[in-house]
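# Chain and residue survey
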Amino acid sequence: MLRLQPATPSAALWRDRETYGDRLIFHTGAWLDFVAEAQRAEPVLATVHDGDEVVGHFTGLVSRRFGLRILGSPMAGWTTSYQGFCLRPGVSRRSALEALMPFAFGVLGCAHVEIRDRFAAESDLDGLGLRWSAAPTAVIDLSRDEGALFAAMAPACRRNIRKAAKSGVTIEEAHDDPEFAAEFYDQLRDVFAKQNLVPTYSIERVRSLIRHLGPPGRLLLLRARDPGGRCIATAVLPWYHRTMYFWGGASYRPDQHLRPNEALIWHALRWAAERGVTEFDFVGGNAYKQKYGTTEVPVPWARRSRSPLVAGLRDAAREAFALRQRAVARLTRAS
């Protein structure tokens, strides 16, 4: 049987984590620092043991809600796609998940745990007392050559990329640019306004991400400019190891006829492929992403509570957040 043991951050620990083929940017120290700052949460690192041998690592953070300790790996709303485990080949993810339960509720003293492991399947969760929801993501295989990537897109998407170029839309990379977060967030507000909503996070979340992921060189920031040089769209794209992630993208509605969003994605795909990245993850399965030639990958989001009362509090908190978001949007429109 596997067991989890708390681990103290050290240079040796981070070096060992770098040897795992299934490691993600969400397992790194820079990402943990970002989430810890944004959520006022405490990072949790653990080693996975099979007898005396270390066969994996667990990553998560503990926060407090309603006075209770909650382990998120990750939690919804953290703008963090996955966490969970890094495991040696052949090590059972189901066994690792089973070992997580006594660690979360016993060692850490948590009342609730949530986990979304990029490589877990629903069959790994069955029989462990977990509830889960389907949370598929859409990915693009970047190991193909540029011609094959472009050909895999829907004809309308290819036309839009060409239209952006013919219309004079240019893409540039933002480096150490203090204005980028404000540009992105202003466009994000416009995106949410279309649905009579407001963004689910503040501009400080964007600044924090740039502050923590920018210096290690793990963040591609792109802006699209119209022929007059005005910024009309932006994209925030963390990347690490084999994968680039679509953390956020936004554009002004009046300028969308120039197709800057498609131009941004096309630039990002080529940029990542040139650096040996083999997968682009949209971190969600919305239908509009299919035009880029994506493949849907199921990634269940699982949770377990110590008691039905705690599970009810968690569900009530999600509903309250949605109601608050709609109320703030109405107040913003009225002001």
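Now for a description of the structure that goes with this document. Remember, it's a predicted structure, so these values are computed and weren't measured experimentally. (Residues numbered from 1 in each chain as written. Predicted model: local features only at pLDDT ≥ 70, side-chain atom pairs only at ≥ 80, totals over all residues. Heavy atoms only, no water.)

## What to know about the layout of surface pockets
The cut-off we apply is this: Grid spacing is 1 Å over the protein atoms alone, the probe is 1.4 Å, and a cavity is where that probe fits but cannot get out, while a pocket is an open set with protein on both sides within 12 Å along at least five of seven lines and lining residues have an atom within 4 Å of a point. Grid points are joined across faces, edges and corners, and a volume is the space filled by probe spheres set on the points. The secondary structure listing takes helices from DSSP runs of H or I that are at least 4 residues long and strands from runs of E that are at least 2 residues long, numbered from the N terminus. When residues are sorted by character, Ala, Val, Leu, Ile, Met, Phe, Trp, Tyr, Cys and Pro go into the nonpolar class, Asp, Glu, Lys and Arg into the charged class, and all the rest, Gly among them, into the polar class.
Volume-wise, the second largest pocket comes out at about 340 Å³. Among the secondary structure elements, those contributing two or more residues to the lining of the second largest pocket are α8 (203-213) and β10 (219-225). In terms of residue class, the lining of the second largest pocket is made up of 10 nonpolar, three polar and four charged.

## A word on the packing of helix α2 (residues 29-39) against α8
Definition in use: In this analysis, axes come from line fits to C-alpha atoms, helices being fitted only over the stretch in contact, and the angle between any two N-to-C directions falls in the range 0 to 180 degrees. These descriptions rest on fixed angle ranges, namely under 35 degrees for roughly parallel, over 145 for roughly antiparallel, 65 to 115 for roughly perpendicular, and the rest for oblique. Crossing handedness: left-handed means the near helix sits turned counterclockwise from the far one by under a right angle, and right-handed means the same turn made clockwise. Contacts between residues were defined by any pair of non-hydrogen atoms, one from each residue, lying within 4.5 Å.
Where α2 meets α8, the axes come as close as 9 Å, and the angle between the chain directions of the two elements is 155 degrees. The orientation of α2 relative to α8 falls into the category roughly antiparallel. Seen along the crossing, α2 lies across α8 with a hand that is right-handed. Each of Ala30, Trp31, Asp33, Phe34, Glu37, Ala38 and Gln39 in α2 lies in contact with α8, whose residues at this interface are Arg205, Ser208, Leu209, Arg211, His212 and Leu213. Taken together, the residues of the contact of α2 with α8 break down into six nonpolar, three polar and four charged.

## So, the nonpolar core
For the record, the criterion: Residue types Ala, Val, Leu, Ile, Met, Phe, Trp, Tyr and Cys, when buried and joined through side-chain atoms within 4.5 Å, form a set referred to as a nonpolar core. Each residue's exposure class comes from its accessible area (1.4 Å probe, protein chains only) as a fraction of the maximum for that residue type: buried when under 20%, exposed when over 50%, partly exposed otherwise.
One finds Trp31, Phe184, Leu209, Leu213, Val236 and Trp247 to be the most contacted residues of the largest nonpolar core, which totals 41 residues. Among residues more than four places away in sequence, those in contact with Trp31 are Ile25, Phe26, Thr79, Thr80, Gln83, Leu209, Leu213, Pro238 and Trp247. Counting residues in each nonpolar core, the second largest holds 33 residues, with Ile161, Met244, Phe246 and Ala263 among its members.

## Regarding the side chain of Arg205
Threshold: Think of it this way: Lys and Arg go in the positive column, Asp and Glu in the negative one, and His and the chain ends go nowhere. Definition used for salt bridges: Asp or Glu carboxyl oxygen within 4 Å of a side-chain nitrogen of Lys or Arg.
Note that Arg205 resides in helix α8. Buried charge without a salt bridge: Arg205, with Glu37 as the nearest opposite-charge side chain at an N-O distance of 8.9 Å. Arg205 has contacts with Phe34, Ala38, Gln39, Gly77, Trp78, Thr79 and Trp247, leaving out every residue within four places of it along the chain.

## Some remarks on unusual backbone geometry
Between Ser73 and the following residue, Pro74, the backbone shows a cis peptide bond with an omega angle of -5 degrees. Residue position: Pro74 is located in the loop between β4 (68-73) and β5 (84-87). Positioned with a positive phi, Arg40 is a non-glycine residue whose angle comes to about 50 degrees. Structurally, the position occupied by Arg40 is in the loop between α2 and β2 (42-50). The phi torsion at Phe66 lies on the positive side, around 55 degrees, for a residue other than glycine.

## Describing the pattern of salt bridges
Counted under the stated rule, the structure contains 19 salt bridges. Note that Arg88 is salt-bridged to Asp16, the shortest N-O span being 3.6 Å. Of the two residues, Arg88 sits in the loop between β5 and α3 (93-107) while Asp16 sits in helix α1 (residues 11-17), which places them 72 residues apart along the sequence. Residue class for Arg88 comes out partly exposed when judged on its relative accessible area of 27%. Overall, Asp16 belongs to the partly exposed group, its relative accessible area being 28%. Its salt-bridge partner being Arg253, residue Asp190 comes within 2.9 Å of it at the nearest N-O pair. With Asp190 in helix α7 (residues 180-193) and Arg253 in the loop between β13 (248-251) and α9 (260-274), this pair connects stretches of sequence that are 63 residues apart.

## Concerning α8
Residues of α8 that are buried: Ile203, Arg205, Val206, Ser208, Leu209, His212 and Leu213. In this structure, the buried residues of α8 make contact with α2, α7, β10 and β11 (231-240).

## Observations regarding the packing of aromatic side chains
Operational definition: Two aromatic rings from Phe, Tyr or Trp, using only the six-membered ring of Trp, form a pair when their centres are within 6.5 Å; if the ring planes differ by under 30 degrees the pair is stacked, by over 60 it is edge-to-face, and anything between is tilted. Counting as a charge over the ring demands two things of the Lys NZ or Arg CZ atom: a distance within 6 Å of the ring centre and an angle within 35 degrees of the ring normal.
Scanning the entire structure with this criterion turns up 14 aromatic pairs. Between Phe150 and Trp266, the aromatic rings sit 5.1 Å apart at their centres with planes inclined by 50 degrees, giving tilted as the arrangement. Taken together, the positions of Phe150 in helix α5 (residues 146-151) and Trp266 in helix α9 put the pair 116 residues apart, joining distant regions of the chain. Ring pairs connect the aromatic residues Phe26, Trp31, Phe34, Tyr82 and Tyr245, which therefore count as one cluster. Directly above the aromatic system of Tyr20 lies the positively charged group of Arg88, at a separation of 3.7 Å from the ring centroid. Across from the ring centre of Tyr82, 6.0 Å away, lies the NZ or CZ of Arg118, which sits over that ring.

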